[in-house]
Structures are given as structure tokens and as C-alpha cells.
Amino acid sequence: FVSVIPLVELERDLAGQALYVQPDYNLTASAVMMDSAVLSSSQLANPVSSKITVNDPGFTDNPLNIDKQWALPKVGFDYAWSRATGSAGTVIALVDTGIDGTHEDLQNVNLTNGYNFINSQQIFGHVNSDDNGHGTLVAGILGATVNNGLGIAGTNWSATLMPVKALDSNGKGDSSTVSQAIVWAADHGANIINLSLGGIGFGHDTALANAISYAFNKNILIVAAAGNDVAAAGSDLDQNPVYPVCDDNGNNEVLGVAATDQNDLKADFSNYGKNCIDVTAPGKRILSTINYDPLTKNYAPNSYAYVSGTSVAAPFVSGEAALIRSLYPNATNVQLRDQILATAEPIDQLNLAQCAGGSCRGLLGSGRINVRAALDTPMRLTPIQEGDLVTGGTDQNIYYILGGQKRLVSQFVLQQRFETQPVKLVNPSQLSNFFTGPYATPLDGTLVKAASSPTVYQIRNGQKLPVSYGVFKQRGYSFGQVAVLDSAEVGSWLTGNFLAPLDGTLARTPSGPTLYWVVGQALHPINYNFYIQRGLGIFPIFIIPSSDLAQYARGEAYIR
């Protein structure tokens with residue numbers, strides 16, 4: 001016998017004491033795939049001679065040498081180091097599985113105190129807080145000691161790493177723990193937060209989204225992996241969003257990173273999408289530090305491995321941001337983000353069939369990061385501000401500036417949402433510094449459909465939620481309320497879960513035995529005792545097609 005307090009009762013009991021109550025969701029390290037066995041440092045000997053004085057055996061200046069650190073020269077870290085090598089004053093928090101501070105290539109890096117949310121203990125000094133290996137992989141890419149004649153070279157020579165353990169020995173965690181970890185890092189001096197993790201199967205997570213906004217509003221840059229959710233071809237995040245990379249809160253508060261190979265082709269496993277991806281970075285056959293053999297799960301001290309995944313693409317972007325910040329120590333998180341976006345190398349023209357067999361145009365952000373260009377290009381100080389409506393005057397298009405992107409404003413959205421807001425006339429060259437994001441969305445609650453499709457959506461929190469015909473009728477909507485818009489405009493917006501029936505509705509499938517109670521726009525399974533105890537028998541039952549059930553947001557079970 002199990003007794004679970006329903007969410008609605010918990011909300012009532014905590015009224016005035018909590019801002020919101022929600023179920024907890026599972027998150028995992030954005031899976032990395034091992035390309036070969038774990039290596040010892042002696043197996044990395046005989047390095048290719050480098051034009052830079054770096055004697056780490058794994059380093060190479062050849063961007064096609066996939067047996068060594070091809071990613072560093074590919075994106076220009078070797079050139080960027082002539083401008084900046086990083087600063088101990090820049091703190092990069094790794095919300096991950098911990099860091100093995102005893103590893104031979106990490107024992108001399110700058111480590112600040114961290115926190116282990118799995119056992120509720122602080123992490124002090126150069127200890128091993130990683131019982132999985134994933135966090136140590138990320139740490140090596142960011143800060144492995146340079147010029148020590150061992151292993152590999154990190155992107156930053158002097159940045160400070162902060163271990164914040166939110167994932168367990170299996171690389172698993174939950175959204176509430178990750179949310180706490182983000183807030184803890186923000187409150188303890190982090191300048192950049194690296195999130196090489198994510199989760200699928202749930203909708204917009206309030207706690208996680210609020211934690212991201214909290215950190216973003218404290219001038220912290222948040223970098224997140226796109227995820228590897230369909231290993232054969234990646235997944236379109238506009239249709240199947242993953243969090244936290246898609247938890248942008250409508251303001252591009254998360255710098256989303258997809259993975260590419262040595263030829264600037266999207267890695268087959270990497271997710272993609274217009275709304276959630278900002279840039280790409282190397283993520284295939286990446287050499288880094290490790291302390292656990294991923295096959296045997298045995299402890300493997302002072303080891304190295306080749307790995308693939310968006311998890312290892314994200315730290316290249318965090319490393320780039322740290323170098324920029326060392327050159328511009330007073331730069332804001334928005335300026336760091338925009339500098340990375342503005343200097344990325346466009347690669348759409350190379351990726352003509354890498355996104356589910358079709359073109360990746362517009363689905364890989366502003367392109368593959370170019371660290372050399374980011375440090376060689378003076379930081380943009382533009383009079384264009386977040387929230388501006390602007391036009392370049394040449395094509396008469398109006399754009400909404402949001403999240404470092406220019407978002408095309410349709411005539412419908414201009415009249416509905418921005419009718420009283422002035423439009424700035426700017427130099428077209430200024431607009432060219434902003435890459436094109438999705439169209440600006442209508443006001444929340446607006447019903448829309450594409451001219452070429454019968455599906456009706458409701459706009460909520462920057463997403464479009466499909467509305468089934470049954471829910472459309474139940475909510476009393478009429479087709480006269482539906483705005484018919486251009487297919488490209490509707491197609492550019494992130495697709496969320498189906499719009500749920502009205503709160504308080506009982507629902508089930510035609511043949512399924514499970515009954516659901518709709519609370520907080522989520523379907524909560526209930527058992528017979530709960531059904532009788534709450535007197536729910538007086539309510540009609542809403543029938544959901546079996547094929548649609550998985551498309552609704554699901555909540556925890558209400559049982560007695």
C-alpha cells in the first residue's frame with residue numbers, strides 16, 4: 001500500500017509558502033560514445049610537432065588528425081592562445097558527475113570548492129569527486145594542464161574549474177537536483193555554467209527554467225549540450241525538445257551546442273533545431289581525460305579516451321567563452337554569447353543531407369565556433385538592444401531582437417503584439433551581426449495554424465502546443481479564433497506537448513483501464529480508491545485517442 005499526496009493537495013497545503021509545486025524529472029549526462037579503449041599516457045607518445053610551444057603528447061596542429069586533439073586547431077584555439085590563455089578569475093562550473101582532481105592532467109589545474117548534491121557534502125581541493133568519469137572528460141577538454149608533457153592540452157591554461165556534482169555514478173540525476181546545482185553555482189562565484197546533460201519525455205520544467213533564469217540574471221553564461229537522442233540521425237529539437245538546452249525561457253538564456261566532425265558535418269548522433277541550437281562545436285572522436293573505463297566500469301586512474309557526443313562539444317564553447325572573458329573581463333554574459341554567435345563559421349552549405357536526410361539550413365545555429373575570430377574581432381558594442389524592433393531599410397523586413405538573434409516579425413504578429421512599439425531604422429551591416437532565429441511568436445494564448453496544414457496550435461511560453469479536435473471543442477474554441485499564418489512562420493516555432501483538456505477533467509483512452517485527472521496541464525494517473533474518495537464519479541470522462549496519449553504532458557500518480 002502506497003500513499004501519495006496529490007499535487008493539487010500539496011499546492012493547497014503549501015499555499016503562501018512555495019511559489020510553485022511540480023513533479024521531478026530525470027536527467028542524464030548527454031551520452032558520450034566511446035570510440036576506442038581507454039588509453040594510458042604512455043600510449044599518447046610521439047606527438048606531431050606543433051607550431052605552438054605545447055608539448056602535450058595528445059596535441060596536434062593538424063585539424064584532420066583524428067587520433068589526436070584535432071578539435072583545437074579546427075576551431076582556432078592554437079591561434080587564440082596568442083591573444084589569451086585564460087584567467088584564474090574566470091570560474092567555470094561543471095554541473096556533472098564531479099571531477100577527478102587527482103588525475104595527472106588535472107591535479108595542477110585551478111580548482112575552486114564545489115558541492116556534491118548526491119551526498120550533500122562540499123568538495124574541497126584536488127580530490128576525486130567523480131565516480132562515473134563523465135565530468136572528468138568534460139574537465140579535461142576545458143582545462144587539462146598545458147605544457148606538462150602529459151596527455152592532452154585543455155582549451156584554457158588558467159581558468160578555474162568548479163565541480164558541482166548533480167549526477168550519480170550512473171550519470172543519472174533529476175531536474176530538481178540540477179536546478180539546485182545551477183543556483184548553488186550561481187551563488188558561489190561561477191561565471192560560466194557548463195551543462196553537458198539533458199532529459200527527454202517531459203515538458204517545460206518550471207524549477208529548471210527558473211534556475212536558468214536565476215543564473216542568467218546574475219550575469220552568468222549557461223552552455224548546454226544539444227543531446228544525442230536518436231543515435232542514428234539525431235532529433236529535431238523543434239519537434240522533440242530536450243531540456244535544459246531548450247529551456248531558453250523565450251530569451252535565449254541557454255547557449256545550445258550541437259556536435260560536428262572534423263569536416264564540419266553534423267555528427268550523425270547530434271540533435272539539431274532552429275530554436276534550441278545556437279552554435280556547433282567538435283564532438284566526434286574527441287580525446288580527453290577519464291578515470292573510469294566505460295566498458296568495465298572499473299577505476300582507471302590517469303587515463304585518456306576517445307569519446308563522441310554533444311557532451312564533449314559543449315565544453316569547447318565554454319572554453320571559448322572563458323578565453324573571451326579573460327580578454328574582456330568586464331563583458332556581460334550577453335556580450336559573451338553574442339561574440340560567440342557573431343564570429344561562428346557558417347556550415348549550412350556543407351550540411352545538405354545531415355538533418356534526417358535533409359538540409360540542415362537554419363538548424364545548426366550561426367555555425368561552427370571560430371575561437372580565433374572571436375578573439376581577433378573587437379567585441380561588438382552595438383546600439384541595437386534586446387527587445388528592439390529594427391529594420392535595415394533595404395528589404396523592409398522588421399525584426400525583433402531577442403537572445404542575440406534577429407527574429408522576423410510577420411504582419412500578423414506586428415499588429416497583434418508590437419502595434420505600439422516603435423521600429424528603429426539601423427544600418428544593414430549592423431543587422432548582419434545577428435543570425436536569424438525563429439519568427440517572433442504571437443501573444444500567449446493565440447490560436448494559430450499553418451496555411452498548408454489542418455493542425456491548430458496554441459502559443460504558450462514561446463512554444464506551439466498542438467490542439468486536438470476534442471480539446472478544441474471542450475475548451476469552447478471556434479475556428480474564427482484561429483489565425484492562419486505562413487507555413488514557414490508556424491514551422492519555425494518549437495513544438496511542445498499537446499494542449500491538455502481543461503484542468504479538473506477526467507480522461508482515458510477508449511480501451512485503456514487507466515483513468516487520468518488533468519491538473520496543472522498534465523495528466524495524472526489515479527487509482528480507484530482516489531477516484532471514490534474524491535467523489536470524482538460525478539464528472540464526465542474525456543476520451544483521448546490511444547495514439548495521442550503519449551503526446552500529453554504526464555504528471556505523478558494520484559493514489560490512495
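These figures come from a predicted structure and were not determined experimentally.

## Considerations on the pairing of strand 8 (residues 160-165)
So, point 1. Buried residues dominate strand 8, accounting for six of its six residues.
So, point 2. Side chains Thr160, Met162 and Val164 of strand 8 all project onto a buried face; the interleaved residues Leu161, Pro163 and Lys165 project onto the opposite face, where all are buried too.
So, point 3. Note: strand 5 (residues 110-111) against strand 8, two bridges, orientation parallel. Following the sheet pairing, Asn110 is matched in strand 8 by Thr160.
So, point 4. Pairing analysis gives two bridges linking strand 6 (residues 114-116) to strand 8, with the strands arranged parallel. Note that in strand 8 the partner of Asn116 across the bridge is Lys165.

## What to know about empty space enclosed by the protein
So, point 1. Within this structure, the stated rule accounts for one cavity of 30 Å³ or more.
So, point 2. Lining the largest cavity are Lys68, Gln69, Trp70, Ala71, Leu72, Ile141, Ile286, Leu287 and Phe316.
So, point 3. Among the elements of the structure, helix 2 (71-75) and strand 15 (286-292) are those that each provide at least two residues to the lining of the largest cavity.
So, point 4. A per-class count over the lining of the largest cavity returns seven nonpolar, one polar and one charged.

## Describing the pattern of salt bridges
So, point 1. The final tally for this structure, using the stated rule, is 10 salt bridges.
So, point 2. Between Asp376 and Arg372 there is a salt bridge, and its shortest N-O distance comes to 3.9 Å. Residue Asp376 and its partner Arg372 are located together in helix 9 (residues 371-376), separated by four residues, close to a single helical turn.
So, point 3. Assessed through its relative accessible area of 44%, Asp376 is described here as partly exposed.
So, point 4. Relative accessible area serves as the criterion here: at 37%, Arg372 is assigned to the partly exposed category.
So, point 5. Overlapping salt bridges, with partners in common, bring together Lys74, Asp264 and Arg368 in one network.

What counts, and at which threshold
Residues numbered from 1 in each chain as written. Predicted model: local features only at pLDDT ≥ 70, side-chain atom pairs only at ≥ 80, totals over all residues. Heavy atoms only, no water. Buried < 20%, exposed > 50% of the residue type's maximum accessible area, 1.4 Å probe, protein only. Helix = DSSP H or I, 4+ residues; strand = E, 2+ residues; numbered from the N terminus. Pairing = 2+ DSSP bridges. 1 Å grid on protein atoms, 1.4 Å probe; cavity = no way out; pocket = protein on both sides within 12 Å on 5 of 7 lines; lining within 4 Å. Points joined across faces, edges and corners; volume = space filled by probe spheres on them. Nonpolar A, V, L, I, M, F, W, Y, C, P; charged D, E, K, R; others polar. Salt bridge = Lys/Arg side-chain N within 4 Å of Asp/Glu carboxyl O.

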